[in-house]
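Structural overview
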Amino acid sequence: MTGTIDIAIDKTTKSRVKEQDVNNVPFGKVFSDHMFVVEYADGKWQKGSISPYRDIPMSLALSALHYGQAIFEGMKAYKNEKGEIALFRPLDNFKRLNISAVRMAMPEIPEELFMGGLLELIKLDKEWIPNSESGSLYIRPFMIATDEAIGVKASDTYKFVIITCPAGKYYSEPIKVMVETNYFRAVEGGVGFTKCAGNYGRSLFPTKLAQQKGYQQVIWTDAKTHSFFEESGTMNLMFVVDNILITPATSDTILAGVTRDSVLRLARDWGMLVEERKVSIKEIFDAHKNGKLQEAFGVGTAATIAQIVTIGYEGKDYELPPVEQRKFSPKIDQALRDIRKCRTEDKFRWTMKVV
Ligand SMILES: Cc1ncc(COP(=O)(O)O)c(C=O)c1O
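The text that follows walks through the structure, step by step, so that each part is easy to find. (Residues numbered from 1 in each chain as written. Predicted model: local features only at pLDDT ≥ 70, side-chain atom pairs only at ≥ 80, totals over all residues. Heavy atoms only, no water.)

**Brief notes about the site of the ligand**
To keep things clear, this is the line we draw: Near, as used in this document, describes a residue that has one of its heavy atoms within 4 Å of the molecule or strand being considered. For the purposes of these results, a polar contact is taken to be a pair of N or O atoms within 3.5 Å, where, inside protein, one atom must be able to donate a hydrogen and its partner to accept one; residues adjacent in sequence count only when each atom of the pair is a side-chain atom. Note on areas: Shrake-Rupley with a 1.4 Å probe; residue coverage comes only from the protein chains shown. Cavities and pockets were defined on a 1 Å grid built over protein atoms only: a cavity is a set of grid points that admits a 1.4 Å probe from which the probe cannot escape, a pocket is an open set flanked by protein on both sides within 12 Å along at least five of seven lines, and lining residues are those with an atom within 4 Å of any such point. For a molecule to be placed in a cavity or pocket, more than half of its atoms must lie within 2 Å of the grid points of that cavity or pocket. Helix and strand labels come from DSSP, where a helix needs a run of H or I of at least four residues and a strand needs a run of E of at least two; each type is numbered from the N terminus. Charged means Asp, Glu, Lys or Arg here, nonpolar means Ala, Val, Leu, Ile, Met, Phe, Trp, Tyr, Cys or Pro, and polar covers whatever is left, Gly included.
Around the ligand lies a shell of 16 residues, among which Lys195, Tyr200, Glu231, Thr259 and Thr301 are the nearest. Separating an oxygen atom of the ligand from a side-chain N or O atom of Lys195 is a distance of 2.6 Å. A distance of 2.5 Å separates an oxygen atom of the ligand from a polar atom in the side chain of Tyr200. Summarising the interface, the protein chains cover 97% of the accessible area of the ligand, which totals 380 Å² for the free molecule. More than half of the atoms of the ligand fall within 2 Å of the grid points belonging to the largest pocket. When residues of the shell around the ligand are traced back to their parent elements, those giving at least two are β13 (235-241), α6 (258-269) and β16 (293-300). Taken together, the residues of the shell around the ligand sort by class into 5 nonpolar, 7 polar and 4 charged.

Here is the structure:
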């Protein structure tokens with residue numbers, strides 16, 4: 001028994017962790033020893049199990065592959081110098097997974113199943129958590145439709161899985177982004193606010209085109225007018241203009257990022273003026289022209305704080321103030337790291353210790 005739920009645990013007899021330098025592995029390529037799996041069938045979630053990480057057999061008619069019922073989350077566990085381990089706001093990811101599930105006509109997962117499996121998995125694979133300054137264990141919970149059937153309908157069966165992998169810095173350098181005004185990521189009434197796999201699939205072609213032009217990422221704009229900023233890659237977008245922190249308000253076209261919310265709450269707590277609203281491309285470039293645009297950066301679990309140094313728009317590159325001159329984003333980056341690594345007071349009770 002673990003906590004309030006019963007999980008079958010099959011521990012590996014041969015850990016692979018010693019074969020790795022967990023502080024130095026490429027992001028998303030090396031997976032830790034165990035995985036948590038639970039099936040949904042006969043209208044309910046079944047007993048969960050933790051077993052050695054491995055491939056799973058799959059029908060070629062798997063419903064998720066054809067009709068796209070596939071959702072996921074991204075969160076992290078941190079280890080500090082003393083070896084203390086903490087998850088950062090895991091309940092927010094749990095809630096967001098269920099928001100995605102409802103929109104995609106998939107079953108919601110109970111909190112005790114999600115959290116019970118997660119905590120047990122992290123305890124088992126704690127040796128995989130990097131303790132370097134920018135290191136963490138990236139956690140990927142996901143749910144897929146598993147009916148073996150051709151025919152468009154919501155599946156009757158699902159699989160919920162959690163896998164993890166050691167992670168370092170996502171972007172090693174400040175980034176160059178391009179404002180996308182031909183393609184769009186999300187529409188009102190659509191699924192932009194969810195983490196369904198299709199949102200990422202559809203982003204790949206425009207991102208590839210931007211990368212061919214020398215940018216790392218696109219900044220999405222609203223589908224109707226392409227004149228308001230939305231978000232960028234797997235990050236929410238923030239600007240500091242005239243000492244005010246400005247970010248697009250969340251809506252059904254923008255993912256409500258956990259990092260976004262954390263940054264905004266810290267900023268408000270520090271007494272900074274914060275504006276969550278529609279942010280037009282024009283006002284940001286006007287601010288740039290008038291010397292009032294001080295910072296632009298993306299915020300997200302994988303990327304943490306990614307400094308934006310160049311924004312390409314309609315064939316022209318706009319160079320932003322150098323990172324060394326920026327005051328707010330480096331300070332928030334450090335503050336978040338200190339909270340996540342349990343080195344400072346956790347005023348908002350964001351961390352959940354794993355013991
Ligand atoms: C599209 C998108 N926007 C924003 C974010 C940032 O969200 P979070 O801070 O919860 O990681 C992510 C990452 O999950 C994302 O995929």
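Next, the rest of the story.
**Some points on the pattern of salt bridges**
As a working rule, side chains carrying opposite charge can pair if their charged atoms are close by. The condition that has to hold: By definition here, a salt bridge exists when the distance from a side-chain nitrogen of Lys or Arg to a carboxyl oxygen of Asp or Glu is within 4 Å. Only protein chains enter the calculation, and the probe is 1.4 Å; a residue is then buried if its accessible area is under 20% of its type maximum, exposed if over 50%, and partly exposed in between.
For the structure on display, the rule yields 26 salt bridges. A salt bridge links Asp33 to Arg16, with the nearest nitrogen and oxygen atoms 3.9 Å apart. Of this pair, Asp33 sits in the loop between β1 (7-9) and β2 (34-41) while Arg16 sits in the loop between β1 and β2, and the two are 17 residues apart along the sequence. The exposure class assigned to Asp33 is buried, which follows from its relative accessible area of 6%. Assessed through its relative accessible area of 25%, Arg16 is described here as partly exposed. Arg89 is the partner of Asp261 in a salt bridge, and the nearest nitrogen-oxygen pair spans 2.8 Å. Placement of Asp261 in helix α6 and of Arg89 in the loop between β7 (85-88) and α2 (90-103) is noted, with a sequence separation of 172 residues between them. We classify Asp261 as partly exposed; its relative accessible area is 25%. Look at Arg89 and you get buried, because its relative accessible area is 6%. Each of Glu81, Glu133, Asp333, Arg337, Asp338 and Arg343 takes part in one network of salt bridges that share partners.

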